[in-house]
Amino acid sequence: MVIKIDEYSDVPIYMQIRNQIVMGISSGELKAGEQLPTVRALAMEIGINTMTVSKTYQMLKTEGYITTDRKNGARVRAEIQQSGVMSDENKTELRRIVSEARLSGVSKDDIKKLIDEFY
């Protein structure tokens, strides 16, 4: 999986990395148990500070998407706990996206089609 950073984005780099890894897991591009690059390797590949990657991996571990240990490094969790509930933060973000789409003239049907495509 290739991580791409938008240096001009308002989204912090650690969140850009986090979001791309979560999307990779969700899409199946990253498989359960798959080894992620070491902190140092990913930092060098992207050209960022190792502390930024470390922060990202720590966040992903806390959220239950990956496991880490000194011997095996970071891996996609074999089983990700599914609560069946969307976080308030994600609901707020989805509301913002739908609002912007509506203001742009995107129909409800088109939004539903996109959701179906992405799901």
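Up top is the structure.
Per chain, residues are indexed from 1 in the order of the written sequence. Whole-chain, interface and lining totals are the exception, using all residues; otherwise, since this is a predicted model, local features are given only for residues with pLDDT of at least 70 and side-chain atom pairs are given and counted only at 80 or more. Side-chain descriptors were evaluated using all non-hydrogen atoms of the structure, hydrogens and water having been removed beforehand.

Engineer: Can you explain the overall build of the protein chain? Please cite residues and give values.
Structural biologist: A run of DSSP states H or I qualifies as a helix once it reaches four residues; a run of E qualifies as a strand once it reaches two. Both are numbered from the N-terminal end. When helices and strands are counted, the protein chain shows 5 helices and 2 strands. Listed by position from the N terminus, the elements making up the protein chain come as α-α-α-β-β-α-α. With the principal axes as the frame, the protein chain shows a C-alpha extent of 50 × 35 × 25 Å. A 1.4 Å probe rolled over the protein chains alone gives each residue an accessible area, and that area as a share of the maximum for its type sets the label: buried under 20%, exposed over 50%, partly exposed in between. Here the protein chain, with 119 residues, has 21% of them falling under the buried criterion. The contact criterion used throughout is that any non-hydrogen atoms of two residues lie within 4.5 Å. Considering only residue pairs separated by 6 or more positions, the protein chain has 49% of its internal contacts joining residues 24 or more positions apart.

Engineer: Go over the packing of helix 2 (residues 39–46) against helix 3 (residues 50–62) with me, naming the residues and quoting the values.
Structural biologist: The description of two packed helices rests on the angle between their axes and on the distance between the axes. Simply put, an axis is a line fit to the C-alpha atoms, just over the touching stretch for a helix, and the angle between two N-to-C directions goes from 0 to 180 degrees. Following both chains from N to C, one finds helix 2 and helix 3 inclined at 125°, their axes separated by 8 Å at the closest point. In terms of axis orientation, helix 2 runs oblique to helix 3. Classified by chirality, the crossing of helix 3 by helix 2 is right-handed. Along its contact with helix 2, which presents Val 39, Arg 40, Leu 42 and Ala 43, the element helix 3 presents Thr 50, Val 53, Ser 54 and Tyr 57. Angular relationships are summarised with four words: roughly parallel below 35 degrees, roughly antiparallel beyond 145, roughly perpendicular across 65 to 115, and oblique for the angles in between. Note: crossing handedness is left-handed where the near helix turns anticlockwise from the far helix by less than a right angle, and right-handed where it turns clockwise.

Engineer: Go over the nonpolar core with me, naming the residues and quoting the values.
Structural biologist: Buried Ala, Val, Leu, Ile, Met, Phe, Trp, Tyr and Cys residues that are joined via side-chain atoms within 4.5 Å together make up what is termed a nonpolar core. Judged by nonpolar contacts, the single largest core of 16 residues is most densely connected at Ile 17, Ile 21, Leu 36, Val 53 and Tyr 57. Mapped onto this core, the elements with two or more residues apiece are helix 1 (13–27), helix 2, helix 3 and strand 2 (73–76). For this core, the leading source of residues is helix 1, giving 4 residues. With near-sequence residues (within four places) excluded, Tyr 57 lies in contact with Ile 21, Leu 36, Pro 37, Thr 38, Val 39, Leu 42, Ile 66 and Ala 74.

Engineer: Account for the pairing of strand 1 (residues 66–69), naming residues and giving values.
Structural biologist: DSSP calls a pair of strands paired once it identifies at least 2 bridges connecting them. Relative to strand 2, strand 1 is paired through 4 bridges, and the arrangement is antiparallel. Each residue of the ladder has a partner; that of Asp 69, found in strand 2, is Gly 73. Hairpin connection between strand 1 and strand 2: a loop of 3 residues separates the two successive antiparallel strands.

Engineer: Outline the side chain of Thr 56, supporting the account with residue identities and numerical values.
Structural biologist: The topology assignment puts Thr 56 in helix 3. On the accessibility criterion, Thr 56 (0% relative accessible area) is buried. We call two N or O atoms a polar contact when they sit within 3.5 Å, provided that within protein one can donate a hydrogen and the other can accept it, with sequence-adjacent residues counted only if both atoms are side-chain atoms. There is a polar contact of 3.2 Å between the side chain of Thr 56 and the backbone oxygen of Tyr 14. Residues contacting Thr 56, with those up to four places away along its chain left out, are Tyr 14, Ile 17 and Arg 18.

Engineer: Describe a nonpolar patch on the surface, and please don't skip the residues or the numbers.
Structural biologist: Judged by side-chain polarity, Met 86, Leu 94, Ile 97 and Val 98 come together as a nonpolar surface patch covering roughly 300 Å² of accessible area. With respect to the helices and strands, the residue Met 86 is situated in the loop between strand 2 and helix 4 (88–103). The class for Met 86 is partly exposed, based on a relative accessible area of 42%. Each patch is built from residues that are more than 30% exposed by relative accessible area and take part in no salt bridge. Like charges join if they lie within 9 Å; nonpolar side chains (Val, Leu, Ile, Met, Phe, Trp, Tyr) join within 5 Å. A 1.4 Å probe and the Shrake-Rupley method give the accessible areas. Residues count as covered only by the protein chains that appear here. We define a salt bridge as a side-chain nitrogen of Lys or Arg found within 4 Å of a carboxyl oxygen belonging to Asp or Glu.

Engineer: Tell me what's going on with the environment of Asn 72, and back it up with residues and numbers.
Structural biologist: Among the structural elements, Asn 72 can be located in the loop between strand 1 and strand 2. You can call Asn 72 partly exposed: its relative accessible area is 34%.

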